[in-house]
Amino acid sequence: MSVQMKNGGIPPKISGNFYGKDFIEISQLNKEDVYKIFEQAEEIREAYDSGSISDLKVNARAAILFFQNSTRTYSSFNRACQILGLDVFAEHGMSAFSLAMKGEFLRRTIQSIYQTQMLTAGDVIIMRHPDTNSSHIAASAVDASIVNAGSGSLRHPTQALLDLYTIWKDIKNLNNIELIFMGDLKFGRTVKSLGSLISMVGKNIKINLVSPDICSLPDKLREEWEEAGVKTTQTTDVLYVTRLQQEWFEKSNMMNEYNKIKADYIIDYELIKKAKNNTLLMHPLPSNGEMEDPKLDEYAGARYLNQMKNGTLVRSALIRQITKK
Ligand code: MLT
């Protein structure tokens, strides 16, 4: 439960039971938890397609609080909550709220929404925030379950779930997978969560890390993945591209470096068609020019559009597990 997490402590393991818990980082999950979400997502897809979503309804409330921009994750969580019939308060511009403007501590902001929305344990607060520990802080402030919709440049656990679900839809055996992570591996959070997730779920995983030098994956994370058995490779089943995270370069006073490398890698149809047969092409989007070729949509392995619908399904599954007794 949220109350177990005081002072930014370690969030509790899910261990087969999501109900009433926070979901903040990949390390809370085991393999069975991940497959539970995938199976639930499949059930929701079937119910949705057959018009029987009324069976999925859950009696709970949700607050969706975004302190950072988002199109896909925000609309995906909104839709997920609607599918489950949750009573939703959603605010995309939290950083412009007077509370945040006045420098109020995040803890108080979260407590305020919890009170005004009359939330209780069993309800859910879905939150995106530029600080890495934001979800931990929120979890220690209220009894509702906190779901991390992206925190800092380190964590995006629900994106990792939807990414792995998208891969699993094509490649059922998640052992012996080879991936390329390409782009901004320093500031981008999606590859970090996906790497941690796949190194926990799959055996004999190979990841090739392709990035400009100044955007390379932090050593600590690479070492963690290597300890979990991940190796590097030159070929790939999955090419997962990310954009350079301009906003983090700005924040780190690194715009000169950004301008030098911003046009360094572009994936277009001519390039991708040379890839190994059936290579899946993924991107969490948005793209900042590295994957704009409209012809890419014709590539048989293109999965970046599927990722978005899968995101709504996976998030519906997760929220249902957390809110349904
Ligand atoms: C994120 O929130 O990290 C996005 O989904 C991916 C991005 O911003 O590049």
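Please refer to the structure higher up on the page.
Because the structure is predicted, anything quoted here is derived from the model rather than measured.

Thresholds applied
- Residues numbered from 1 in each chain as written.
- Predicted model: local features only at pLDDT ≥ 70, side-chain atom pairs only at ≥ 80, totals over all residues.
- Near = placed C-beta within 6 Å.
- Nonpolar A, V, L, I, M, F, W, Y, C, P; charged D, E, K, R; others polar.
- Pairing = 2+ DSSP bridges.
- Helix = DSSP H or I, 4+ residues; strand = E, 2+ residues; numbered from the N terminus.
- Axes fitted to C-alpha atoms, helices over the stretch in contact; angles between N-to-C directions.
- Buried ≥ 20, exposed ≤ 12 C-beta atoms within 10 Å, placed from the backbone.
- Contact = placed C-beta atoms within 7 Å.

1. Structural notes on the site of the ligand
- Neighbouring residues of the ligand: Thr 73, Gly 150, His 156, Gln 159, Gly 188, Arg 189, Thr 190, Thr 242, Arg 243 and Pro 284.
- In terms of residue class, the shell around the ligand is made up of one nonpolar, seven polar and two charged.

2. What to know about the sheet that holds strand β3 (residues 124-129)
- Ordered in space as β2-β1-β3-β4, the four strands form an open sheet in which the pairing is parallel. The open sheet has two edge strands with one neighbour each: β2 (87-91) and β4 (145-151). If you compare each strand with its neighbour and ignore which way they point, the axes differ by 10 degrees on average.
- Here strand β1 (residues 61-66) pairs with β3 via five bridges, running parallel. Note on β3: the bridge partner recorded for Phe 66 is Arg 128.

3. Structural notes on the environment of Ala 149
- When you line up the elements, Ala 149 lands in strand β4.
- Accessibility expressed as a C-beta count within 10 Å gives 27 for Ala 149, which makes it buried.
- A sequence separation of 98 residues divides Ala 149 from Glu 247, and the C-alpha atoms of the two residues are 18 Å apart.
- Beyond its immediate chain neighbours, meaning those up to four positions away, Ala 149 contacts Thr 73, Phe 77, Ile 126, Met 127, Arg 128 and Thr 158.

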